[in-house]
Amino acid sequence: MSTMSNSLAENHAEHLATAGLSQGEVSDFFALLKPRVMFLVVFTALVGMVVSHPDVHPVVAFVSLLMIAIGGGASGCLNMWWDADIDAVMTRTRKRPIPAGKIQPGEALAFGVTLAAGSVMILGLASNWLAAGLLAFTIFFYVVVYSMWLKRTTPQNIVIGGAAGALPPIVAQAAVTGHVAWDSVVLFAIIFMWTPPHFWALALVKSGDYERAGIPMMPNVAGPDSTRFQILAYTILLAPLGLAPVALGFGGLAYAIIALIGGLGMLALAVQVYRLRQGEPAMRVAQQLFGFSILYLFLLFATLLAEHGFGFFRPVLG
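Residues numbered from 1 in each chain as written. Predicted model: local features only at pLDDT ≥ 70, side-chain atom pairs only at ≥ 80, totals over all residues. Heavy atoms only, no water.

The name recorded for the protein in an unreviewed UniProt entry is Protoheme IX farnesyltransferase, from Microvirga terrae. UniProt's Catalytic activity (unreviewed entry) comment on the protein is quoted here verbatim: "heme b + (2E,6E)-farnesyl diphosphate + H2O = Fe(II)-heme o + diphosphate". (UniProt positions renumbered as here; feature names shortened; annotations may be inferred.)

Engineer: Help me understand the environment of Ala282 in this model?
Structural biologist: Mapped onto the fold, Ala282 is located in helix H16 (residues 279-309). When its relative accessible area of 2% is taken as the criterion, Ala282 is described as buried. The spatial distance from the C-alpha of Ala282 to the C-alpha of Glu107 is 41 Å, given a sequence separation of 175 residues. Among residues more than four places away in sequence, those in contact with Ala282 are Arg228, Leu276 and Arg277. (Helix = DSSP H or I, 4+ residues; strand = E, 2+ residues; numbered from the N terminus. Buried < 20%, exposed > 50% of the residue type's maximum accessible area, 1.4 Å probe, protein only. Contact = heavy atoms within 4.5 Å.)

Engineer: Help me understand the packing of aromatic side chains in this model?
Structural biologist: Aromatic ring pairs are reported here in terms of the distance separating the ring centres and the angle at which the planes meet. Tallied over the entire structure, the rule returns nine aromatic pairs. By the ring-pair criterion, three or more aromatic residues cluster together here, those being Phe39, Phe43 and Phe298. For Arg277, the ring lying beneath its charged end belongs to Tyr274, and the centroid distance is 4.5 Å. (Phe/Tyr/Trp six-rings, centres within 6.5 Å; stacked < 30°, edge-to-face > 60°. Lys NZ or Arg CZ within 6 Å of the ring centre and 35° of its normal.)

Engineer: Would you mind showing me how to read the side chain of Ser64 here?
Structural biologist: As for its position among the elements, Ser64 is in helix H4 (residues 58-82). The contact partners of Ser64, leaving out residues within four places of it in the chain, are Met49, Leu123, Ser127 and Ala175.

Engineer: What am I meant to see in the nonpolar core here?
Structural biologist: When a protein is soluble and globular, its nonpolar side chains tend to lie buried together. Within the largest apolar cluster, 93 residues are counted, with the highest numbers of intra-cluster contacts made by Leu32, Leu123, Trp200 and Phe301. At twelve residues, the largest contribution of residues to this core is made by helix H10 (residues 182-205). Beyond its immediate sequence surroundings of up to four residues, Phe301 is in contact with Phe43, Thr44, Val47, Pro169, Leu187 and Ile191. (Core = buried A, V, L, I, M, F, W, Y, C linked by side-chain atoms within 4.5 Å.)

Engineer: Got a minute to help me understand the packing of H10 against helix H13 (residues 224-241) in this structure?
Structural biologist: Helix packing for two helices is described by the angle between their axes and how far apart those axes are. Axis separation between H10 and H13 bottoms out at 9 Å; the angle between their running directions is 150 degrees. Put simply, H10 runs roughly antiparallel to H13. Between H10 and H13 lies a crossing of left-handed hand. Between H10 and H13, the residues in contact are Ala189, Ile190, Met193, Trp194, Pro196, Pro197, Trp200, Ala201 and Leu204 and Pro224, Thr227, Arg228, Gln230, Ile231, Tyr234, Thr235, Leu237, Leu238 and Leu241, respectively. Residue composition of the contact of H10 with H13, grouped by class: 15 nonpolar, three polar and one charged. (Axes fitted to C-alpha atoms, helices over the stretch in contact; angles between N-to-C directions. Parallel < 35°, antiparallel > 145°, perpendicular 65-115°, else oblique. Left-handed = near helix turned anticlockwise from the far one by under 90°. Nonpolar A, V, L, I, M, F, W, Y, C, P; charged D, E, K, R; others polar.)

Engineer: I keep staring at the environment of Trp81 and nothing clicks. Help me out?
Structural biologist: Positionally, Trp81 belongs in helix H4. Setting aside residues no more than four positions away along its own chain, Trp81 makes contact with Ile98, Pro105, Ala108, Leu109 and Met148.

Engineer: Would you mind going over the packing of helix H3 (residues 35-50) against H4 with me for this structure?
Structural biologist: One way to put it is that H3 packs onto H4 with a least axis distance of 9 Å and a crossing angle of 145 degrees. Pair H3 / H4 crosses with right-handed handedness. Contact with H3, carried on its side by Met38, Val41, Val42, Ala45, Leu46 and Met49, involves Ala61, Ser64, Leu65, Ile68, Ala69 and Gly73 of H4 and no other residues of that element. Looking at the contact of H3 with H4 residue by residue, the class counts come to ten nonpolar, two polar and no charged.

Engineer: Before we go on, may I ask you to explain a nonpolar patch on the surface in this structure?
Structural biologist: A cluster of nonpolar side chains, namely Leu253, Ile257, Leu260, Ile261, Leu264, Val316 and Leu317, defines an oily patch on the protein surface of about 660 Å² accessible area. Checked against the element boundaries, Ile261 lands in helix H15 (residues 253-275). For Ile261, a relative accessible area of 55% gives the class exposed. (Patch = residues over 30% accessible without salt bridge, like charges linked within 9 Å, V, L, I, M, F, W, Y side chains within 5 Å. Areas by Shrake-Rupley, 256 points an atom, 1.4 Å probe, with all protein chains shown as cover. Salt bridge = Lys/Arg side-chain N within 4 Å of Asp/Glu carboxyl O.)

Engineer: Which parts of the structure should I look at to understand helix H9 (residues 168-177)?
Structural biologist: Along an α-helix, a turn takes 3.6 residues, which lines up residues three or four apart on a common side. The element H9 is largely enclosed, with a buried count of nine among its ten residues. Inspection of H9 places Pro168, Pro169, Ile170, Val171, Ala172, Gln173, Ala174, Ala175 and Val176 among the buried residues, and these make up the whole buried set. Positive phi shows up at Gly178, right after H9, with a value of about 85 degrees.

Here is the structure:
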């Protein structure tokens with residue numbers, strides 16, 4: 001009897017010792033930050049810094065970039081906390097840490113809020129409060145305006161919500177210069193206009209997932225044919241917009257070539273998505289547009305980074 005009492009006491013003590021401690025692994029918490037999205041945030045923010053040619057201490061630039069990355073990760077974490085119910089019924093998201101039971105919703109909420117508040121505060125102290133305010137607005141817009149409101153209420157969720165994903169270059173430029181200029185605004189506009197054809201191409205393929213989750217994505221509300229037309233319309237606007245850095249003088253010869261070829265590639269695939277509407281060929285070309293759109297945006301920003309960061313800039317005009 002004494003042995004059983006001792007065993008129960010030990011089990012109770014062990015439970016008290018571990019109460020409140022997360023059972024999730026470090027990799028699970030890292031997954032909450034949406035690392036692939038966070039990479040895009042860091043990459044586009046870095047380009048926003050580099051094209052500004054700031055006279056800033058490298059430590060300040062590094063800390064600013066790190067805080068923008070953490071702020072982006074906090075947004076992803078809070079998005080996963082809020083969307084845990086729909087993530088559980090979607091094929092591509094049901095293995096995320098919360099629906100998989102690896103991390104409790106309350107843990108994710110606390111983690112996200114802590115990262116969000118910390119990143120804004122440190123960015124303000126390390127750089128300036130304009131950048132910190134813009135970062136706070138970005139997090140608020142993504143979590144509250146997009147995740148909590150737009151995503152579940154309107155098929156324009158991606159269009160309007162895309163502003164949050166397009167803001168990192170502006171935040172980064174403000175962090176290293178103390179102001180916002182046209183070059184970062186143009187980078188914002190390119191990402192903003194790129195977002196609808198990029199995500200709607202995926203939505204055409206994953207429309208069943210979105211329907212099960214009750215998310216009003218464009219193919220489920222307006223229909224796939226209307227979505228294909230809108231993909232084409234946005235791409236027609238995106239292709240010349242991609243050349244705007246050349247017209248404004250901060251995109252060089254290499255960028256002009258990449259933007260021209262990439263824009264024509266986006267247009268060609270968007271036309272194919274519009275034309276092919278049935279069966280496996282239609283799904284295949286939508287997947288091709290989704291994949292190519294990632295490459296297109298990466299090459300645009302990588303070329304600007306090479307031109308301004310590594311001395312490869314050769315002016316096209318003047």
